[in-house]
Amino acid sequence: AISPAHATNGTLKHVSSSAVASLDDSLVRSERNVQYEHELFDADRKFKERALVSSKDKYIAMYNRSLQDPDAFWSEIASEFYWETRWPEENGKVHFENFDVRKGPVKVEWFKGGKTNICYNALDRHVHAGKGDQIAFYWEGNSPGLDASLTYNQLLQQVCQLANFLKDKGVKKGDAVAIYLPMLMELPIAMLACARIGAVHSVIFAGFSAESLAQRVLDCKPKVIITCNAVCRGPKIINLKDIVDEALSISLAHGVSVDSCLTYANEVAMSREKTAWQDGRDIWYQDVISDYATTCDIEWVDAEDPLFLLYTSGSTGKPKGVLHTTGGYMVYTATTFKYAFDYREGDIYWCTADCGWITGHSYVTYGPLLNCAKVVLFEGVPNYPDAGRCWEIVDKYHVSIFYTAPTAIRSLMRAGLEPVKRHSRKSLRVLGSVGEPINPSAWKWYYEVVGDKRCPISDTWWQTETGGFMITPLPGAWPLKPGSATYPFFGVQPALVDENGKEIEGVCNGYLCIKGSWPSTFRTLYGDHARYETTYFAPFKGYYFSGDGCHRDADGYYWLTGRVDDVINVSGHRIGTAEVESALVSHPQCAEAAVVAVDHEVTGQAIYAFVTLKLGVQYSEELRTGLKNAVRHEIGAFAQPAKIHWAPALPKTRSGKIMRRILRKIASKELENLGDISTLADPHVVQELIDLTDV
Ligand code: 6R9
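- Under an unreviewed UniProt entry, the protein chain has the name Acetyl-coenzyme A synthetase and belongs to Ceratopteris richardii.
- One UniProt comment on the protein chain, placed under Sequence similarities (unreviewed entry), says "Belongs to the ATP-dependent AMP-binding enzyme family."

What follows is the structure, encoded as structure tokens:
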């Protein structure tokens, strides 16, 4: 099923013609928010007095400077890091960009020619400054009572041991290493070990299926994969090694062999004896790692050398390997972390994201460690063993900055006040939100109940592609509005553009684009620079196009209104409709499928699939389960459709394009206003679909 034909040809002719859908859907969302545009929540005087950026005026001064002279602004900040060789400056220029496809290939460079290492800056630098005994990670296991911690010294030593192992296996600068691990400390350790020797890590979220893992392995061809045998997630045990074995045999069948599979024995979840094993390829982590030296020379890399690949979903075709480089990413993630969370020494920081996603890269691993923060790593899920777990952890470690996703907030909200109130939470100072637009009622609950009206909320808008925060509050600097990500970060120039690519000013709704580069701009899609240009830079010439719709209010606040392309956001996870459709049609009895998003109380959006069966196949509940399993198998459980709606046929235009607008209306039962259906090849299809809603 990995063959590329699957993703692009065959039955899959119905991906939307343009990457950009109409703004209608996102408008509906923003109208719902209008009443909140006048509700302001400001931090108290004491908070403001201590804040890094204590007023809007101070922000404006810094922001203006970041736009007027980005080179000087970012050079000054970059100088706080260690550079083995400082970047050359020609006339004060430290960056180069072309965002305009009409002027030649899109290209971005920051600090090129400078030599540094992000692992050195995240670990050695602090150790050399005498902070080696400070805690780097507090690890909290899936089950309460299971915990561990590492100081910066210890973390550095473990990173070095793994780096030495990788070198021993022949991994060199520029080589890819795949990491398929749950939230054990070995996950950030593995990332940092790669960075130390200049290898490019490719972390694959451990919820992806064997097919998805294989697809990514085939794309980046790693020499080594780092995994573990199994993991406990909530009440479940997941056998990861079996998934890896299957993925590696699929890869092998397609001509890519991975030499070594370094497997951490997570014996809480599964014994070594029970783990499937392939001699010669598989190596137990604990058996070899202690033999390696606890020091390891740094590989100094160019600021523009690749740091990692992270695959993400787009509106069409196979997942895209987003490539980030070293220097700009380092400077930007560290700086955004510091300002958007008003970070100061002594803070205990907890981000609930998994390192398998960009949030875990930039704001579990790199951003916090670059600031020498104390980071809580959590293996489990927010509502296990019960809905009070998060607040229990907050109290246990005295967490002062807590960063999570709206979906987690909404699911905890459903459990009521008691699980929150039973814990003190008095250590909390700043709260954060990421992954999808936060609806105002969830925002208020977070603010009032979790934060006791004391903690500003940083609703951070950004993407895998942007590497770091783009639009975000700076706690204490200006009043917040529930559901708005407020203002752009230093150096970021948002632009709202209309269908014709014309920038619109003032109060408006538009496609959210960014003018000019920021240090952690992604540099390419691995192996496909043409797709990088057509997806992100061709839709609106001269701009980076985010794929999101956005509203700007009279005070200049930005309100993200959701994706305007065929990307669905379920619990903050990006899932391409084309990928789910491709998985559904891999089922032998499925003729065609069209997937749309519907609103969902907890997960934000849910996947709703219209499925046309092959001629003569009967509808049945087994078949429904079979189709859902096909998606679990091809992508992973998190992408499973919430609903399968039988479709004798799909509504198509005469030229054969599926009218998703109509499908969205049927899925959300908004039947009064179906819009113009006269352009359909067969308008009767619509009534047939409506009749089958509850079948
Ligand atoms: C960081 C991350 C990116 C997409 C993005 C947007 C949505 C993320 C958001 C938000 C509104 C926020 N998104 N944060 N929408 N407000 N604070 O999630 O990266 O997985 O690449 O997803 O998520 O739609 O385009 P990624």
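### Concerning the overall build of the protein chain
Thought 1: Along its length, the protein chain carries 22 helices and 31 strands.
Thought 2: Its C-alpha atoms give the protein chain a radius of gyration of 25 Å, near enough to 26 Å, the size a compact globule of 695 residues would have.
Thought 3: Reported as C-alpha extents along the three principal axes, the dimensions of the protein chain are approximately 75 × 65 × 60 Å.
Thought 4: Burial analysis of the protein chain (695 residues in total) assigns 62% to the buried set.
Thought 5: Counting only contacts in the protein chain whose residues sit at least 6 apart along the sequence, the fraction spanning at least 24 positions is 73%.
Thought 6: Per element, the accessible surface of the protein chain, about 25,600 Å² overall, is 50% carbon and sulfur.

### As for the UniProt feature "domain: Acetyl-coenzyme A synthetase N-terminal" (unreviewed entry) in the protein chain
Thought 1: Listed under "domain: Acetyl-coenzyme A synthetase N-terminal" (unreviewed entry) in the UniProt record, and renumbered for this structure, are residues 59-122.
Thought 2: Strand forms 16% of residues 59-122 and helix 38%; the C-alpha atoms that close the span are 27 Å apart.

### Some details on helix α5 (residues 70-78)
Thought 1: By the criterion of burial, α5 is predominantly enclosed, with 7 of the 9 residues buried.
Thought 2: All of the buried residues in α5 are Pro70, Asp71, Phe73, Trp74, Ser75, Ile77 and Ala78.
Thought 3: At its buried positions, α5 is contacted by α4 (56-68), β1 (95-98), β2 (107-110) and α12 (327-340).

### A short note on the site of the ligand
Thought 1: Near the ligand you find 17 residues, and of these Asp459, Thr460, Thr464, Asp548 and Arg563 are the closest.
Thought 2: The side chain of Gln463 places a nitrogen or oxygen atom 2.9 Å from an oxygen atom of the ligand.
Thought 3: Asp548 is positioned with one of its side-chain polar atoms (N or O) 2.6 Å from an oxygen atom of the ligand.
Thought 4: Against a free-state accessible area of 530 Å², the protein chains account for coverage of 97% of the ligand.

### Observations regarding the UniProt feature "domain: AMP-binding enzyme C-terminal" (unreviewed entry) in the protein chain
Thought 1: UniProt annotation of "domain: AMP-binding enzyme C-terminal" (unreviewed entry) refers to residues 579-657 when read in the numbering used here.
Thought 2: The span residues 579-657 is 27% helical and 32% strand by assignment, and the distance between its end C-alpha atoms comes to 17 Å.

Conventions adopted
- Residues numbered from 1 in each chain as written.
- Predicted model: local features only at pLDDT ≥ 70, side-chain atom pairs only at ≥ 80, totals over all residues.
- Heavy atoms only, no water.
- UniProt positions renumbered as here; feature names shortened; annotations may be inferred.
- Helix = DSSP H or I, 4+ residues; strand = E, 2+ residues; numbered from the N terminus.
- Rg over C-alpha atoms; globule rule 2.2 N^0.38 Å.
- Buried < 20%, exposed > 50% of the residue type's maximum accessible area, 1.4 Å probe, protein only.
- Contact = heavy atoms within 4.5 Å.
- Areas by Shrake-Rupley, 256 points an atom, 1.4 Å probe, with all protein chains shown as cover.
- Near = heavy atom within 4 Å.
- Polar contact = N/O pair within 3.5 Å; in protein donor to acceptor, adjacent residues only side chain to side chain.

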